[in-house]
Amino acid sequence: ANVTLFGQTKIIVTASAADQSPVGDVVVLADSGATSVFVNGWEYLEAGSVDTVTPTFGQAGTLVLLEGRALLGGGEHVVAVTIHGAAAVIQSENDTVVSVKLGNQAPGLGDVLVTSDTGAVVRAVDAFTYLEAGVIDDVSPTSGQLGTVVALSGARLRGGGSSVAGVELAGVEAVVTSESDTQVTVQAGGSLSAGVGDVVITSDTGAIVTKPGGFTYVPVPTIASVVPARGQFGTVVTITGSSLRGGSSNVVNVSLAGIPAVIRDESDDVVTVVAERSAASSGEVILTG
């Protein structure tokens, strides 16, 4: 064993690797030649092993399951896991299964190390490959509000997984309408506050691809008045308010009580439309940017 601390009343050592063996003596040899023996004071346990790593590749955020035996190394808890040299965040642990979330690391193949509270280490050599990190190259448009369709393009957007499981725009969950490893299309959720935030793509493995400050929520669109508030085919209706375009470049559709109207003129604070034919009814005025 390797001595790490010694004194007159206490010695701390690190056990060397050894095959499982019966109970044996603890022998302390001083530099004077004096020997102290504690009969049957130590037993080498069966060495732990990491038998499977699932998945065997990924990037930051990927959830990795380590299965094996004696992963606690004779201790009570796993206190650290490193994968390809990077510390992982332990999600759950016991003597046969340890679940972790990957930290950031450069691409490459590396060992998996499980360290227990006793200092025992269980190692799987070259058991995991860090992939090149995903990247979001473009967000279009870069601003909007509830309902805005946003296209995200880049590389490795699935983070080594098989699909995109979720997307957030400035902290607000978006609805994924299509996805691949290079392009993801979403519809923005609603936000009551304007502001800039990150675009975050999460894969089915938990891997995360982020574009800092990639999306801006514009102020919530508000319709202040509709004049006149009633009419029929051919009625010219003026709609005033604020942020009527919802962060887009123009208003592309207006409906009056569920019937599409013809847009005559539009801006971010005034939209003029002409009512189409409809049976008598009442309903909402809806603008789409």
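Structure first, text after, so check above.
Every value quoted in this text rests on a predicted model; they were computed, and no experiment measured them. (Residues numbered from 1 in each chain as written. Predicted model: local features only at pLDDT ≥ 70, side-chain atom pairs only at ≥ 80, totals over all residues. Heavy atoms only, no water.)

Structural notes on the side chain of Thr-185
On the secondary structure map, Thr-185 appears in strand β18 (residues 183-187). With near-sequence residues (within four places) excluded, Thr-185 lies in contact with Val-149, Val-150, Val-175, Val-176, Thr-177 and Ser-178. (Helix = DSSP H or I, 4+ residues; strand = E, 2+ residues; numbered from the N terminus. Contact = heavy atoms within 4.5 Å.)

Side note on the packing of aromatic side chains
Counted under the stated rule, the structure contains two aromatic pairs. Taking the centre distance of 5.7 Å and the plane angle of 75 degrees together, the rings of Phe-128 and Tyr-130 count as edge-to-face. Overall, Phe-128 belongs to the buried group, its relative accessible area being 0%. For the ring pair Phe-215 and Tyr-217, a centre distance of 5.3 Å and an interplane angle of 80 degrees mean the geometry is edge-to-face. (Phe/Tyr/Trp six-rings, centres within 6.5 Å; stacked < 30°, edge-to-face > 60°. Buried < 20%, exposed > 50% of the residue type's maximum accessible area, 1.4 Å probe, protein only.)

So, the nonpolar core
Residues Leu-66, Val-81 and Ile-83 are the most contacted members of the largest nonpolar core, which totals 21 residues. Elements with a contribution of two residues or more to this core: β5 (49-54), β7 (63-69), β8 (78-83), β9 (86-93), β10 (97-101), β11 (108-116) and β12 (121-130). If sequence neighbours within four positions are ignored, Leu-66 has contacts with Val-50, Thr-52, Val-53, Leu-71, Val-81, Thr-96, Val-97, Val-98, Val-112 and Val-114. Membership of the second largest hydrophobic core comes to 18 residues, among which are Val-139, Val-164, Phe-215 and Tyr-217. (Core = buried A, V, L, I, M, F, W, Y, C linked by side-chain atoms within 4.5 Å.)

Considering a nonpolar patch on the surface
Together, Ile-11, Val-26, Val-28 and Phe-38 make up a nonpolar patch on the protein surface, roughly 330 Å² of accessible area in all. Positionally, Val-28 belongs in strand β3 (residues 24-29). (Patch = residues over 30% accessible without salt bridge, like charges linked within 9 Å, V, L, I, M, F, W, Y side chains within 5 Å. Areas by Shrake-Rupley, 256 points an atom, 1.4 Å probe, with all protein chains shown as cover. Salt bridge = Lys/Arg side-chain N within 4 Å of Asp/Glu carboxyl O.)

Some points on the side chain of Thr-272
Within the secondary structure, Thr-272 sits in strand β26 (residues 270-274). On the basis of relative accessible area, Thr-272 is assigned to the buried category, the value being 13%. If we skip the residues at most four places from it in the chain, Thr-272 touches Val-236, Val-237, Thr-238, Val-262, Ile-263, Arg-264 and Asp-265.

Here we look at unusual backbone geometry
With an omega dihedral of -5 degrees, the bond running from Ser-140 to Pro-141 counts as a cis peptide bond. Within the secondary structure layout, Pro-141 lies in the loop between β13 (135-140) and β14 (143-144). Even without being glycine, Asp-126 reaches a positive phi, approximately 50 degrees. Considering the arrangement of structural elements, one finds Asp-126 in strand β12. On the basis of relative accessible area, Asp-126 is assigned to the partly exposed category, the value being 45%. For Ala-170, which is not glycine, the phi dihedral falls at a positive 50 degrees.

Focus: the sheet that holds strand β6 (residues 57-58)
Pairing within the open sheet is mixed, and its eight strands lie in the order β5-β7-β10-β9-β8-β11-β12-β6. Of all strands in the sheet, those bounded by a partner on one side alone are β5 and β6. Where β5 meets β7, five bridges bridge the pair, whose relative direction is antiparallel. The residue bridging Thr-52 from the neighbouring strand is Glu-67, located in β7. (Pairing = 2+ DSSP bridges.)

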